[in-house]
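For reference, the chains in residue letters:
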Amino acid sequence: MEQTKRSAKKKVVIIGAGPGGLSAGMILAARGYDVHIYERQAVPGGRNASMQVNGFTFDIGPTFLLMKYILDQTFALAGKRSEDYLTFTKLDPMYVLNFPDAKLNVSSDHDKMYEEIKRVFPGDEEGFRAFLTAEKKKFDTMYPCLETDYSSLKRMFSRKLLRALPYMDAFKSVYDVAAKYFKHELLRLSFTFQAKYLGMSPWKCPGAFGILSYIEHVAGIYHVEGGLSSISEAMAKVITELGGTIHYNTSVASIETAGRTITGLTLANGEHVEGDVFVLNADFAYATTHLFKEGALKKYTKKKVEKLEYSCSTYMLYLGVDKVYDEPHHQIVFANDYHANLNDIFDNHKLSKDFSLYIRNATPRDATLAPEGKSSLYVLVPVPNNQKSGIDWAIEGPRIRKEIFCVLKERTSFTDLEEHIVTERIITPKDWEGGHNVFFGATFNLSHKLSQMLYLRPRNRFEEFTNCYLVGGGTHPGSGLPTIYESARISSNLIDQYHG
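Here's a quick rundown of the structure. As the structure is a computational prediction, the values presented were derived from the model and not from experiment.

1. Describing empty space enclosed by the protein
On inspection of all chains with the given rule, the structure shows 5 cavities of 30 Å³ or more. As a volume, the largest cavity reaches approximately 150 Å³. Lining the largest cavity are 17 residues; nearest its centre among them are Lys196, Tyr338, Leu342, Ser356 and Pro382. Taken together, the elements giving at least two residues each to the lining of the largest cavity come down to helix H13 (338-348), strand S16 (357-361) and strand S17 (375-383). Ranked by the residues each element gives to the lining of the largest cavity, the list is headed by H13, at 4 residues. By residue class, the composition of the lining of the largest cavity is 13 nonpolar, 3 polar and 1 charged.

2. Looking at the side chain of Ser232
Its place among the elements puts Ser232 in helix H10 (residues 229-241). Taking the relative accessible area as the measure of exposure, Ser232 reaches 0% and is therefore buried.

3. Some details on helix H5 (residues 125-146)
Here H5 is 22 residues long and its end C-alpha atoms lie 30 Å apart, about the 32 Å a rise of 1.5 Å per residue gives. Residue Asp140 marks the point of greatest curvature in H5, where the axis turns by about 30°; the proline Pro144 follows within four residues.

4. Regarding unusual backbone geometry
Cis rather than trans, the peptide bond between Asp92 and Pro93 has omega equal to 0°. Looking at the element boundaries, Pro93 is found in the loop between strand S5 (88-90) and strand S6 (95-99). In this chain, His476 is followed by Pro477 through a cis amide linkage whose omega measures 5°. For Pro477, the location among the structural elements is in the loop between strand S19 (468-470) and helix H16 (481-498). Non-glycine residue Met67 carries a positive phi angle of around 50°.

5. Some details on a nonpolar patch on the surface
On the surface, a cluster of nonpolar side chains totalling about 400 Å² of accessible area is made up of Leu153, Phe157, Leu162 and Leu165. For Leu162, the position within the fold is in helix H6 (residues 159-164).

6. As for the sheet that holds strand S12 (residues 272-273)
With respect to topology, 3 strands assemble into an open sheet ordered S10-S11-S12, the strand pairing being antiparallel. Strands with a single pairing partner mark the edges of an open sheet, and in this sheet they are strand S10 (252-258) and S12. Inspection of the sheet shows strand S11 (residues 261-267) paired to S12 by 2 bridges, in the antiparallel sense. Looking at the pairing, Thr266 lines up with His272 of S12.

7. Focus: the packing of aromatic side chains
As enumerated under the stated definition, the model contains 35 aromatic pairs in all. Judged by centre distance (5.8 Å) and plane angle (55°), the ring pair of Phe64 and Tyr197 falls under tilted. Of this pair, Phe64 sits in the loop between strand S4 (56-59) and helix H3 (68-77) while Tyr197 sits in the loop between helix H8 (185-190) and helix H9 (211-219); the two residues are 133 residues apart in sequence, bridging distant segments of the chain. Ring geometry for Tyr325 against Phe414: centres 4.9 Å apart, planes inclined by 55°, an arrangement best described as tilted. Highlighted residues: Tyr325 in the loop between strand S14 (313-321) and strand S15 (330-333) and Phe414 in the loop between helix H14 (393-411) and strand S18 (421-427), separated in sequence by 89 residues. Of the residues examined, Phe414 reaches a relative accessible area of 2% and is grouped as buried.

8. Here we look at the packing of H3 against H16
Axis separation between H3 and H16 bottoms out at 9 Å; the angle between their running directions is 30°. Taken together, H3 and H16 sit at an angle that is classed as roughly parallel. Considering only the axes of H3 and H16, their crossing is left-handed. For the pair H3 and H16, the contacting residues are Ile70, Leu71, Thr74 and Leu77 in the first and Pro482, Tyr485, Glu486 and Arg489 in the second. Looking at the contact of H3 with H16, its residues break down into 5 nonpolar, 1 polar and 2 charged.

9. With respect to the side chain of Thr250
Tracing the chain through its elements places Thr250 in the loop between strand S9 (245-247) and S10. At 2.8 Å, the side chain of Thr250 and the backbone oxygen of Tyr248 are in polar contact. Residue contacts for Thr250: discarding those within four places in its chain leaves Tyr38, Glu39, Arg40 and Leu267.

10. Some details on the sheet that holds S18
In a beta sheet, neighbouring strands pair by backbone hydrogen bonds and run either parallel or antiparallel. A sheet is described by the order of its strands in space; here 7 strands give the open sequence S7-S6-S15-S16-S17-S14-S18, paired in mixed fashion. Of all strands in the sheet, those bounded by a partner on one side alone are strand S7 (102-106) and S18. Averaged over all pairs of adjacent strands, the angle between strand axes in this sheet comes to 15°, irrespective of strand direction. When S15 meets S16, the two strands line up antiparallel, connected through 4 bridges. Bridging from a neighbouring strand, His330 pairs with Arg360 of S16. Across the sheet, H14 is in contact with S6, S7, S14, S15, S16, S17 and S18; its angle to S14 comes to roughly 60°.

11. Section: H13
Burial in H13 covers these residues: Tyr338, Asn341, Leu342, Asp344, Ile345 and Phe346. Seen from one end, H13 has its buried residues packed into an arc of 165°, which puts them on one side. Looking one or two residues past H13, His349 carries a phi angle of roughly 55°, positive in sign.

12. A look at the pairing of S14
Taking burial as the measure, the 9 residues of S14 include 9 buried ones, the bulk of the element. Residues Ser313, Tyr315, Leu317, Leu319 and Val321 point to one face of S14 and Thr314, Met316, Tyr318 and Gly320 to the other, with burial holding for every one of them. Judged from the 9 bridges that link them, S14 and S17 form a sheet pairing that is antiparallel. Bridging across to S17, Met316 finds its partner in Leu380. Where S14 meets S18, 6 bridges bridge the pair, whose relative direction is antiparallel. Residue pairing across strands places Leu319 opposite Glu424, the latter belonging to S18.

Here is what the cut-offs are and how they apply
- Residues numbered from 1 in each chain as written.
- Predicted model: local features only at pLDDT ≥ 70, side-chain atom pairs only at ≥ 80, totals over all residues.
- Heavy atoms only, no water.
- 1 Å grid on protein atoms, 1.4 Å probe; cavity = no way out; pocket = protein on both sides within 12 Å on 5 of 7 lines; lining within 4 Å.
- Points joined across faces, edges and corners; volume = space filled by probe spheres on them.
- Helix = DSSP H or I, 4+ residues; strand = E, 2+ residues; numbered from the N terminus.
- Nonpolar A, V, L, I, M, F, W, Y, C, P; charged D, E, K, R; others polar.
- Buried < 20%, exposed > 50% of the residue type's maximum accessible area, 1.4 Å probe, protein only.
- Expected span 1.5 Å × (residues − 1).
- Bend = angle between axes of the 7 residues up to and from the residue.
- Patch = residues over 30% accessible without salt bridge, like charges linked within 9 Å, V, L, I, M, F, W, Y side chains within 5 Å.
- Areas by Shrake-Rupley, 256 points an atom, 1.4 Å probe, with all protein chains shown as cover.
- Salt bridge = Lys/Arg side-chain N within 4 Å of Asp/Glu carboxyl O.
- Pairing = 2+ DSSP bridges.
- Phe/Tyr/Trp six-rings, centres within 6.5 Å; stacked < 30°, edge-to-face > 60°.
- Axes fitted to C-alpha atoms, helices over the stretch in contact; angles between N-to-C directions.
- Parallel < 35°, antiparallel > 145°, perpendicular 65-115°, else oblique.
- Left-handed = near helix turned anticlockwise from the far one by under 90°.
- Contact = heavy atoms within 4.5 Å.
- Polar contact = N/O pair within 3.5 Å; in protein donor to acceptor, adjacent residues only side chain to side chain.
- Arc of directions from axis to C-beta.

What follows is the structure, given as structure tokens:
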């Protein structure tokens with residue numbers, strides 16, 4: 001009887017154990033599907049995996065947990081509680097913004113934030129109240145649109161989306177939106193730098209995304225013990241508990257198709273894998289240009305994919321040091337001329353001599369990340385992707401590394417950091433592209449300009465094939481962990497609708 005029941009299950013084949021593939025795997029396994037995930041690495045997570053080096057633990061990618069409630073909902077859809085697998089700490093301050101002439105401690109406690117703005121940017125504190133009131137209305141009308149799939153054009157004319165249009169600031173940038181509330185330039189940057197979560201400039205990012213800053217201020221930012229990569233490990237555990245299978249160290253060589261149907265996968269070892277439903281969690285542009293055979297795709301041909309607009313990239317330093325520093329958990333050091341720095345990244349496609357950087361110093365709060373008395377530090381510098389920059393990272397990598405330590409020495413108390421390094425790893429845009437299969441090294445995937453959003457973004461039910469669904473940053477709603485979890489929920493529901 002059990003054998004008959006199992007054989008009747010629809011087999012779901014998921015390519016990639018990134019956060020989208022893992023979320024979909026949890027939900028679908030809980031709903032009774034026979035889930036198989038194929039992951040080329042030895043660990044789950046993709047860009048949300050961990051790197052273990054000489055007793056130090058580093059998150060490879062995301063370090064901010066926003067919209068924790070979406071993660072909680074994802075576990076709940078699998079019949080689980082996130083707190084049974086993970087330990088969360090809400091951060092206060094959420095982060096510190098380090099400007100050349102000022103520092104701002106950013107809190108999700110509204111009274112604290114009001115007083116902090118009054119202290120650092122006097123006269124703008126009432127703008128914060130106005131921001132919370134107005135952006136709440138925007139969020140309340142827009143958020144249902146992000147939960148909706150756009151697999152058909154008629155969804156673009158849904159009542160939900162039409163109701164949200166007046167609040168979307170469609171013809172403004174997020175910087176324009178902040179300028180409605182704040183007079184001080186640096187305070188405007190404090191409420192718009194979040195565009196970097198999408199790999200975009202505040203002066204180019206659509207005004208609708210002004211809700212990113214609002215979400216931080218109402219939902220807070222969390223740290224997860226062991227790093228955010230612990231989320232991937234917890235999800236993998238849930239999938240196994242629910243009867244799903246993750247095939248590690250198993251690369252997909254090609255996706256086999258017949259007309260508008262995916263018939264199976266050919267693995268690097270030559271094995272052929274069949275399935276009823278296929279979920280694509282590999283980097284979208286990489287998958288369409290490397291995993292499908294020539295002629296299989298009609299809309300997303302290699303030539304068309306290369307012409308799409310992509311996010312910026314990142315230069316990464318992962319440092320194990322024999323010292324613990326009294327510095328913020330999250331800190332962003334702004335360039336002296338932030339606007340010029342972003343123009344270099346997005347318009348001039350070159351490295352700035354004057355750049356911004358982000359540092360995570362989590363060890364004082366989380367002793368699991370490093371041996372006793374030592375620290376695991378994470379440094380990120382936004383840089384151009386490989387689409388047009390032509391940067392030779394063999395030459396520029398050592399130069400920017402040297403300049404990072406100069407900035408840290410001048411602007412923080414990490415003055416002696418270089419002397420205390422015992423372990424070091426670096427990822428450049430070239431490494432993202434060649435070693436991590438990130439197209440053009442664009443770590444935040446496709447850009448989020450209006451012509452690449454909603455129905456105009458690659459759809460959750462992939463328009464090229466009848467039995468293929470997309471999850472991850474390259475589909476709706478977009479990049480960033482919360483929206484990737486949401487993409488998995490949307491695609492899982494679409495699979496359920498199709499199979500009744």
